[in-house]
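# Secondary and tertiary structure notes
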Amino acid sequence: MSGKPDMVASDALDAPPARPRKRPLLRRKALRRVLPWIVIVAIFVLWEFVVRAFAIEQFVLPAPSAVFAAGWEWRWPILENSWQTFMTTVVGFGFAVIFGLVAGVVIGSSTLVYDGFYPALVGFNSIPKVAVIPILVIWFGIGTVPAIITAFLISFFPILVNVAAGIATVEPELKDVLRALGARRWQVIQKVGLPRSMPYFFASLKVAITFAFVGSIVAETVAANKGIGNLMLVASSRFEVPLAFAGLLMTSIMGIGMYLVATFVERRTTGWATRGVDMAVTPGT
Amino acid sequence: MNFVDLDRVSLRYGEDGDGTLALQGTTLRVTSGEFVAVVGPSGCGKSTLMKVVTGLWPPTAGTVIVSGREVTAPLSIVGMAFQNPTLLPWRTTLDNVMLPLEIVSPHCSRLRKERAAYVAKARDLLALVGLKGFEDHFPWQLSGGMQQRASLCRALIHDPSLLMLDEPFAALDMFTREELWLAVQDLWLARAPTVILVTHDLREAVFLADRVLVMSARPGRIIAERAVDLPRPRRLEMTYEPLSVALVQELREHISAARAAAA
């Protein structure tokens, strides 16, 4: 920016002041689009370089090339187990969304319920979910159900808290607009509370979906015979470390995919909260 | 016939009787179709008065009767515009204006079937206040004055028989404010609702109202009343003519006296 102001001053009469800034801005936009890919490739290149330069053993840290090779070699088992993990996560996450949304509305719309339930919920959320898995196994046996429940337990809390916060913090003036029309309590929640809490809801979805993956994969390593978690456990027990890493990579890809879906839905539905500005722009300056 | 009838109404905020006493023994009568302005020193309970009349706050003592019925819950025959436009940011201007139709009966049950007619009505109303072409804009794409106009349309869309204006122009610059005075006068002449306007702008009160009421400092009650006998439709220049100026001056003295009494 330092050199620009002189240029603006010199031809300020015939050129609008925004013009000199336009080109760098455009370039920044293009950069923003490719930058994530550059970062990812750079990480892999650095990783490969470190592994080769220090001659790290493959069973300690496999090089990306070895990981990709293992991933290609075991592509069918990986895809099959990924599908299992994906379904488990989506089902658990789906329940978390429904439950979190409903409970969030109930808790957020009444200070009495809020004050009454919040301490218990915080206590519940403080329980490490990993510790619950053995109990789930006793109840439901080994398999998909404990993984679904773990994904649910770990991801519903952030959704609930955010929806409740969104509804509880509605400006009294907005409520008065509806109350002055004789609106019922439910109508106020429907017309003001819910739309108002949507930005909070979507922000929480992005956190919750990654949590859900953590939940289901951890459960799979402890108590399942299918899924990416189980595959990684088996692979590392056989010292097939590149395969375990390939499983990790797959998890990341699924996590990013779901995150993008959440972001896409968020942009489509709550553009008003960011005033129509592209979401990615806001954190910059 | 009195459309709004407040009889010795008191209101104390807070639940256990030690809160602020905002209104004390306020008696107020407004006839059907009348335009009344309430003025007073700041913090005198003008906004509280609005909340009591519309039923948003139940009075601590006294009775509130609107349209022949005692008010015990928020009324749906009221249109309200506040000092802030309070438009919902996720709705377009048109959808904001149509919000009351989704809540107030009988419109809420008819809205789905006769949507086109209601949309046309909302568009007409927006055109009347000079917002034609901004129907699909979001509130944050409008200026403060435009938002306030949209808020006025929202207060009027369901044909309320009582319009409550709570300092709706206070946050605007003088030119926008005067423009909106004319818009409100047009709307009032066209539809003849009963209007209660709360304001601290004496010129505004004199320009718009049939009758101006002066409130005392808190706890508020009506201490003076003045009819404004200016012909309608009124023009902005009239606010600078001797009759208006004298009225403004007289009201100002009442308020100064009220402030002095409180200090």
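Preceding this paragraph is the structure being described.
As a starting point, this report considers the structure included with it. (Residues numbered from 1 in each chain as written. Chains lettered and ligands numbered in written order. Predicted model: local features only at pLDDT ≥ 70, side-chain atom pairs only at ≥ 80, totals over all residues.)

### A word on the interface of chain A and chain B
In plain terms, the rule: Residues are treated as contacting if the C-beta atoms built from their backbones sit within 7 Å of each other. The secondary structure listing takes helices from DSSP runs of H or I that are at least 4 residues long and strands from runs of E that are at least 2 residues long, numbered from the N terminus. Gly is placed with the polar residues, together with every amino acid not listed as nonpolar (Ala, Val, Leu, Ile, Met, Phe, Trp, Tyr, Cys and Pro) or charged (Asp, Glu, Lys and Arg).
Contact with chain A, which involves 16 residues of that partner, is made by 20 residues of chain B. Within the residue set of the side of chain A that touches chain B, elements represented by two or more residues are helix H8 (172-179) and helix H9 (185-223) of chain A. Sorting elements by how many residues they give to the side of chain A that touches chain B places H8(A) first, with 6 residues. Per-class residue counts for the side of chain A that touches chain B are 9 nonpolar, 2 polar and 5 charged.

### Let's talk about the sheet that holds strand E2 (residues 21-31) of chain B
Residues and elements named next belong to chain B. Note the threshold: Strands are labelled as partners when DSSP assigns at least two bridges between them.
Across the sheet, 4 strands lie side by side as E2-E1-E4-E5; this open sheet has antiparallel pairing. Single-partner strands in this sheet number two, and they are E2 and strand E5 (69-70). Of the strand pairs in this sheet, strand E4 (residues 61-66) and E5 are connected by 2 bridges, and their pairing is antiparallel. Considered in E5, the bridge of Ile65 is made with Glu70.

### Description of the pairing of strand E6 (residues 78-81) of chain B
All names here are of chain B. For clarity, the cut-off: Exposure is read from a count of other C-beta atoms within 10 Å of each residue's own; the residue is exposed at 12 or fewer, buried at 20 or more and partly exposed in between. C-beta atoms are placed from the backbone.
Going residue by residue along E6, you find Val78 and Met80 tucked away on one face and Gly79 and Ala81 tucked away on the opposite face as well. Taken together, the 4 bridges between E6 and strand E7 (residues 162-166) define a ladder with parallel strand orientation. Residue Val78 lies in a different strand from E7, and its bridge partner there is Leu162.

### Digging into the environment of B:Thr26
All names here are of chain B. Among the structural elements, Thr26 can be located in strand E2. Under the C-beta neighbour-count criterion, Thr26 is labelled buried, with 27 such atoms within 10 Å. Between the C-alpha atom of Thr26 and that of Pro168, which follows or precedes it by 142 residues, the distance is 23 Å. Residues in contact with Thr26, not counting those within four places in the same chain, are Leu6, Val9, Leu49, Gly220, Arg221 and Ile222.

### Observations concerning the packing of helix H10 (residues 228-237) of chain A against helix H11 (residues 241-269) of chain A
All names here are of chain A. Condition: Here an angle of 0 to 180 degrees is reported between the N-to-C directions of two axes, which are lines fitted to C-alpha atoms, with helices fitted over the stretch in contact. Here the angle decides the label: under 35 degrees means roughly parallel, over 145 means roughly antiparallel, 65 to 115 means roughly perpendicular, and every other value means oblique. The hand of a helix crossing depends on one turn: near helix anticlockwise from the far one by less than a right angle means left-handed, and clockwise means right-handed.
Remark: H10 packs on H11, axes separated minimally by 7 Å, with the N-to-C direction vectors making an angle of 160°. If you check the angle between H10 and H11, you find them roughly antiparallel. Considering the relative orientation of H10 and H11, their crossing is left-handed. On H11, the residues touching Ile228, Leu231, Met232, Ala235 and Ser236 of H10 are Val241, Leu243, Ala244, Gly247, Leu248, Met250 and Thr251. Considered class by class, the residues forming the contact of H10 with H11 number 9 nonpolar, 3 polar and no charged.

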